[in-house]
Amino acid sequence: MARSGTLTFMISVQGLTKVYGKNQVVSNLTFDVKPGVVTGFLGPNGAGKSTTMRMILGLDRPTSGVATINGATYQKLKNPLTQVGALLDAKWVHPNRSARGHLRWMAAANGIPAHRVDQVLSDVGLTEVAGKKAGGFSLGMSQRLGIAGALLGDPGVLLFDEPVNGLDPEGIVWIRQFMRALADQGRTVLVSSHLLTEMSLTAEHLIVIGRGQLIANSSVKDFTSSAQVTVRVRSPRLGELQSALASAGLRSVPLPDDGTGPALSLENVTTDQVGDIAAANGIGLHELSGKTASLEEVFMTMTAGAVEYHGDASMAYSAQQQQAPYGGPPQQGQGQYGGPPPGGSPNQAPQQPKQFGGGQA
Ligand SMILES: Nc1ncnc2c1ncn2[C@@H]1O[C@H](COP(=O)(O)OP(=O)(O)OP(=O)(O)O)[C@@H](O)[C@H]1O
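Residues numbered from 1 in each chain as written. Predicted model: local features only at pLDDT ≥ 70, side-chain atom pairs only at ≥ 80, totals over all residues. Heavy atoms only, no water.

(A) Looking closely at the overall build of the protein chain. Helices and strands together make up the secondary structure of the protein chain, namely eleven helices and 13 strands. Counting over 361 residues, the protein chain shows a buried share of 48%. A total accessible area of about 16,400 Å² is found for the protein chain, and carbon and sulfur atoms account for 52% of it. (Helix = DSSP H or I, 4+ residues; strand = E, 2+ residues; numbered from the N terminus. Buried < 20%, exposed > 50% of the residue type's maximum accessible area, 1.4 Å probe, protein only. Areas by Shrake-Rupley, 256 points an atom, 1.4 Å probe, with all protein chains shown as cover.)

In structure tokens form, the structure reads like this:
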């Protein structure tokens, strides 16, 4: 929980930088992630989200800067799984181990009481398939199992890397609601995604990065209201209208005739302004329309030029991800997931996660 009366944030990133060879993949990132809201960590593919999360979790060493959880680096946390949980790769699980067996192993390796296993299985709706081999789980079930693992130590801080990737609509809604419930309990929840629309439905706050650099750190509301409005106007007296608009200080650009006749386009003005100027000059209009950029258009504009295309480096990264998984010693068989789910995906309604006891921070 937040430390009342202090400004201690649950996750704090200060000047975090990571260089691989000649590539600076995370550049001087500074931000805090606060409890009680879902914070979206947004950026195009290759922007550096996973690398940042891995540095926060002590899995990658920063080239410079520091990331802390509850005021300490991951390495210095006492009983780390009781302070922070993470889902980095849902398929990271021994395929021949049952869901319950996997969690029992994790609990035993981290000194967590065994009774937590059935609690978190119930929280994520996997009780009925707890005895089935995790290797046969659907992606949605695997994500639930990964989330159960992250919750095992009842931590106040949670990180989820692209948790909705590849999920069906039902699974996406479930995860969205579950994340919000976790935040409502006072936890700090950082969720990465490359999809702004998805994040705008899940998160209240956004940290946006492109090419490893901070692009925005704002509420979803502020971020999305920065969407640009484009006004399109047609008139039989277009030349006169353009002059009148220019006299009023509004710059317009002629649009090619799309079959409806020549038109003008204006940015960052309202249809009211254009209509008033036309009326004041006695110019009739045949069309006056405003179009707000979609969220994805805003995102694309903001991160333009910041999209990293994966080359050989991504292969190096995949190889590295096969190393020690988060939360315990390495397991065999990582990435060998396959086969149909044994009992289909658990269709039950999302349950509220167990009330967060707090007290860790
Ligand atoms: N171990 C590594 N060695 C070399 N380059 C790496 C390594 N890990 C990551 N990178 C590179 O760092 C950049 C950022 O990768 P990262 O996975 O952090 O981005 P991301 O925002 O999480 O994107 P994605 O969603 O595609 O994984 C990419 O260019 C990636 O290839």
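(B) Quick peek at the nonpolar core. If you look at the biggest cluster of nonpolar residues, it comprises 75 residues, and the most contacted ones within it are Ile147, Leu159, Phe160 and Leu206. Residue contributions to this core peak at seven residues, all from helix H5 (residues 169-184). Excluding anything up to four places from it in sequence, phenylalanine 160 contacts Met53, Leu87, Ile147, Ala150, Met179, Leu182, Val189, Leu190, Val191 and Ser192. Counting 14 residues, the second-largest nonpolar core is a separate cluster that includes Leu250, Leu264, Val269 and Ala278. (Core = buried A, V, L, I, M, F, W, Y, C linked by side-chain atoms within 4.5 Å. Contact = heavy atoms within 4.5 Å.)

(C) Quick look at the sheet that holds strand S12 (residues 263-267). Spatially, the four strands line up as an open sheet ordered S11-S12-S10-S13, and their pairing is antiparallel. The open sheet terminates on both sides in strands that have one partner only, identified here as strand S11 (253-255) and strand S13 (287-292). Averaged over all pairs of adjacent strands, the angle between strand axes in this sheet comes to 30 degrees, irrespective of strand direction. Pairing geometry for strand S10 (residues 229-234) and S12, over four bridges, is antiparallel. Among the inter-strand pairings, valine 233 is bridged to a residue of S12, identified as leucine 264. Packed on one face of the sheet, helix H8 (residues 238-247) meets S10, S11 and S12 and runs near 20 degrees to S12. Relative to S13, helix H9 (residues 271-280) is tilted by about 160 degrees, and along the sheet it contacts S10, S12 and S13. (Pairing = 2+ DSSP bridges. Axes fitted to C-alpha atoms, helices over the stretch in contact; angles between N-to-C directions.)

(D) Just the pairing of S10, in detail. Relative to S13, S10 runs antiparallel, the two being bridged by six bridges. Bridge pairing in S13 links valine 233 to leucine 288.

(E) A look at the sheet that holds strand S3 (residues 38-42). Spatially, the six strands line up as an open sheet ordered S5-S6-S7-S3-S8-S9, and their pairing is mixed. Both outer strands of the open sheet, strand S5 (84-87) and strand S9 (213-219), are each paired with one neighbouring strand and no more. Here the average twist between neighbouring strands, direction ignored, is 15 degrees. Summarising the sheet, S5 and strand S6 (residues 157-161) pair through four bridges and their orientation is parallel. Bridge assignment links alanine 86 to a residue of S6, and that residue is leucine 159. Helix H1 (residues 49-56) contacts S3, S6, strand S7 (188-193) and strand S8 (205-210) of the sheet and is inclined by roughly 150 degrees relative to S7. In this fold H5 packs onto S3, S6 and S7, with an angle of close to 150 degrees to the strand it touches most, S7.

Take it as geometry only, folks, not as evidence of what the structure does.
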